[in-house]
Amino acid sequence: MSNAHFNRGPAYGLSAEVKNKLAQKYDPQRERELRAWIEGTTGRRIGDSFMDGLKDGVILCELINKLQPGSVQKVNEPVQNWHKLENIGNFLRAITRYGVKPHDIFEANDLFENTNHTQVQSTLIALASQAKTKGNNVGLGVKYAEKQQRRFHPEKLREGRNIIGLQMGTNKFASQQGMTAYGTRRHLYDPKLGTDQPLDQATISLQMGTNKGASQAGMTAPGTKRQIFEPALGMERCDTMTIGLQMGSNKGASQQGMTVYGLPRQVYDPKYCGGPELLGEDGLNGLYNSQ
């Protein structure tokens, strides 16, 4: 089976744009650092083309066996393509057990079919970082932070439930000193502006008005109409307590002739009824007695 069977053809359209963006992220300087590290660890020369030298998976398997002996039990000779794919798959499973995160690992076709060399480079850098974290002398990558797990006694954990964390704020040393009533304006004093320092923090500015000298003299009942007097218009001065006739009048009013609430009132019309003298004191007995 030839290698051409696994090589993809040229990409077009959106696939070509994605491939070009991935290729732009490939770092040649990182490639030189990875080449020096892998060749120094395995003792084998990769070749002129970095990715072609790793495509058979033999050097990769030897690399992980140097970092963690016995990771790959059998390394296949690259006679056929499935031998190469099996070597790459064994390498990927071995670095997963070694501690490389799954999201940092490339797929076998990314290397074998030359589809994503950038991801292959990222995986090798992540492997170098993991090796450095485990104490190996590696000149690239970063050392991962070690997990610091702490265990507390159950009694200590129960005590912590009664403590408010500082992220939620604190009420220590809090008091209501200097606080004014709700809605009251507080005087702002700025020495740079030359304003007078207030006597206290409860001073209300005159812009909010004042109730000094206020009284209820001359105030009418709620809803009562107040007369407006203007000498320039020749208006006559009126009593503020006078209710205009347009609002009606209660002069001469009395409760004479009013019945109890709910009782009907007799309507007298001389065209249809006799004289009102027919009605007695209760309004009906006189009419019944005359009949």
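Keep in mind it's a predicted model, so treat the numbers as computed, not measured.

Q: What should I look at first to understand the overall build of the chain in this one?
A: Summing up its helical and strand segments, the chain has nine helices and zero strands in all. When the helices and strands of the chain are read in sequence order from the N terminus, they spell out α-α-α-α-α-α-α-α-α. Out of the 291 residues belonging to the chain, those deemed buried represent 23%. Looking at the chain alone, contacts between residues at least 24 apart form 42% of all its contacts between residues at least 6 apart.

Q: Can you walk me through the confidence of the model for the chain in this structure?
A: Do not read the predicted coordinates in detail wherever pLDDT is low. In this model, the chain carries a mean pLDDT of 75, and residues with pLDDT of at least 70 account for 54%. Mean pLDDT per element in the chain: helix α9 (residues 285–290) is the minimum at 46, and helix α4 (residues 58–67) is the maximum at 94. The model gives residues 1–6 a pLDDT under 50, and that stretch makes nine contacts with residues more than four places away or in other chains. Taken together, the stretch residues 283–291 has pLDDT below 50 and engages in six contacts with residues farther than four places along the chain or on a different chain.

Q: Help me understand the pattern of salt bridges, please; the structure alone is not making it clear to me.
A: In a structure, side chains of opposite charge can pair up when their charged atoms sit close to one another. A full pass over the atoms with the stated rule returns seven salt bridges. Between Arg45 and Asp48 there is a salt bridge whose closest N-O contact spans 3.5 Å. Taken individually, Arg45 and Asp48 each receive the classification exposed, so the pair is uniform in this respect. Among the ionic pairs, Lys156 bridges to Glu159, the shortest N-O distance being 3.9 Å. Residue Lys156 and its partner Glu159 are located together in helix α8 (residues 154–160), separated by three residues, close to a single helical turn. Linked by salt bridges that have partners in common, Glu31, Arg35 and Glu39 make up one network.

Q: Hey, could you run me through the side chain of Asn76 in this one?
A: By the secondary structure assignment, Asn76 is in the loop between α4 and α5 (81–98). At 3.1 Å, the side chain of Asn76 and the side chain of Glu86 are in polar contact. In this structure, Asn76 is in contact with Val58, His83, Glu86 and Asn87, ignoring residues within four places of it in sequence.

Q: Sorry if this is basic, but what is going on with the environment of Gly141 here?
A: With respect to the helices, strands and loops of the structure, Gly141 is situated in the loop between α7 (117–133) and α8. Among the residues examined, Gly141 registers a relative accessible area of 22% and is labelled partly exposed. Between the alpha carbons of Gly141 and Leu124 there is a distance of 9.3 Å; along the sequence they are 17 residues apart.

Rules and cut-offs
Residues numbered from 1 in each chain as written. Predicted model: local features only at pLDDT ≥ 70, side-chain atom pairs only at ≥ 80, totals over all residues. Heavy atoms only, no water. Helix = DSSP H or I, 4+ residues; strand = E, 2+ residues; numbered from the N terminus. Buried < 20%, exposed > 50% of the residue type's maximum accessible area, 1.4 Å probe, protein only. Contact = heavy atoms within 4.5 Å. pLDDT = per-residue confidence, 0-100. Salt bridge = Lys/Arg side-chain N within 4 Å of Asp/Glu carboxyl O. Polar contact = N/O pair within 3.5 Å; in protein donor to acceptor, adjacent residues only side chain to side chain.

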